[in-house]
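Descriptive structure summary
What follows is the residue order along each chain.
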Amino acid sequence: MTSHDHSHLTETEARVRALESLLSEKGYIDSAAVDEIVQTYETKIGPQNGAHVVAKSWTDPAFREWLETDSTAAIHSLGYTSRQGEHIEAVFNSDATHHLVVCTLCSCYPWSVLGLPPSWYKSPPFRSKAVIDPRGVLEDFGISMPATTKIEVHDSTSEMRYLVIPQRPAGTQGWSSEDLAQLVTRNSMIGTGFARTPKVSS
Amino acid sequence: MNGGADLGGMMGFGPVVENPKDAFFDAPWEARVLGIVVALGACGKWSIDMSRAARESLPPADYMSLPYYIIWLDAALNLMLERGMITQEEIDTATLQVPPVPVARTLAAADVEAVLGAGAPANRPEQGQPLFAVGDTVHTINNHPQAHTRMARYARDKRGTVTKVHGFHVFADSNAQGTGENPQWLYQVTFSTRTLWGDQGNDIDTVTLDLWESYLKDPAS
């Protein structure tokens, strides 16, 4: 294969395509499996899984207790067992404590419940700053945290993965778990955001 | 190693900026690299710790400036070169020159769901008792190995408190070098930001790291 076959592509695009062909030819990969992996992370494994965990923790006290004592088992019980979620620790935000998750050494992230990490999570600005200036990172996301709220940063240095359980928004009494899940943003489960507050209807 | 990947506490990268499109991939090739690298894992030629070691071994200036999925691709190519799975000429010309080496398996599309779903747990049957308990004060080692370690530079030679005993896990440092899983107790250790960062820290905020027993010492001994 030569690059003129793909003159409309960028150099990187062409290089990756050529290498994929070579590795297929060598029998190390099957491009259909590559398609399937990409599709899985684009459509099946994403933040909707984590939102389900969070909403259930807001509505089901027994599940919340399980999540507090054995997060991995509680999350696996919902079927979220896939890679980069083998060992999970749920951490619970409150008025007193706000949790923020980072991986300073690479990009460890709870894929099974949040899918693939956003590019900022893998970037040097976030990975360098989160541990030395977490309040500054939150300000980058438009959040000003009171000085009395403790920030607890979790640097994912092992195969333990961290999932933040944000606080349940006010004005959601009686909401179903399904409706609540719609309020749970990806960033709220990393600690760089909050769950959405429902619009008040007049 | 004290490489480009060990970023905790560095300065000068500017603010954290979200991609307004908020897509999983910034370009289609990134998705292909993700899929290729995950699929290559099934060949059984390296562990996740070896992958991380390969990525952080890239020259620091490259590591800090290359797109993340290029880091993944270049590291995977280096792993294949080291194992004789591919030659530099093949990479340069993208044409097959030498026969493939045998691999444990080639991941088929039909098996993707099961393989991703099963994951790869890092815990192992527990042996012996943990040296430390929740509430114990520990002191991290001051060690700067050339090889892979998960003992982040900014938390070396620091005093912290054990806040959780996670279990008995494969030791990343030895597993990355192919010298065995050497599983051991893994702890969550909480550090005051005052301890880590002095005047730039404060007395309220904390950072936790998950650290293997080999990284920890009893400060009284």
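Residues numbered from 1 in each chain as written. Chains lettered and ligands numbered in written order. Predicted model: local features only at pLDDT ≥ 70, side-chain atom pairs only at ≥ 80, totals over all residues.

Here helix α1 (residues 28–41) of chain B contains 14 residues, and its C-alpha end-to-end distance of 21 Å stays within 8% of the 20 Å for a straight helix at 1.5 Å per residue. In terms of burial, α1(B) is a largely internal element, 11 of the 14 residues being buried. Taken residue by residue, α1(B) has Trp29(B), Glu30(B), Ala31(B), Arg32(B), Val33(B), Leu34(B), Gly35(B), Ile36(B), Val38(B), Ala39(B) and Leu40(B) as its buried positions. On the buried face of α1(B), the contacting elements are α1 (11–25) and α2 (31–44) of chain A together with α4 (68–82) of chain B. (Helix = DSSP H or I, 4+ residues; strand = E, 2+ residues; numbered from the N terminus. Expected span 1.5 Å × (residues − 1). Buried ≥ 20, exposed ≤ 12 C-beta atoms within 10 Å, placed from the backbone. Contact = placed C-beta atoms within 7 Å.)

To continue, consider the sheet that holds strand β1 (residues 137–140) of chain B. Strands sit in the order β2(A)-β3(A)-β4(B)-β3(B)-β2(B)-β1(B)-β5(B) across an open sheet of seven strands; the sheet is mixed. What marks the edges here is a single partner per strand, and that holds for β2 (97–102) of chain A together with β5 (216–217) of chain B. Docked against the sheet, helix α8 (residues 124–132) of chain A engages β2 and β3 (150–155) of chain A together with β4 (206–212) of chain B, running at close to 145° with respect to β2(A). (Pairing = 2+ DSSP bridges. Axes fitted to C-alpha atoms, helices over the stretch in contact; angles between N-to-C directions.)

What follows is about the confidence of the model for chain A. For chain A, the mean per-residue pLDDT works out to 94, and 94% of the residues sit at or above 70. A low-confidence stretch, residues 1–6 of chain A stays under pLDDT 50, and its non-local contacts, those more than four residues away or across chains, total seven contacts. (pLDDT = per-residue confidence, 0-100.)

Taken together, the 63 residues of chain A in the interface contact 70 residues of chain B. Contributing elements (two or more residues each) for the side of chain A that touches chain B: α1, α2, α7 (119–122), α8, α9 (134–140) and β3 of chain A. Taken together, the residues of the side of chain A that touches chain B break down into 29 nonpolar, 16 polar and 18 charged. Note: β3(A) against β4(B), four bridges, orientation parallel. From the neighbouring strand, His154(A) faces β4(B), where its bridge partner is Thr208(B). (Nonpolar A, V, L, I, M, F, W, Y, C, P; charged D, E, K, R; others polar.)

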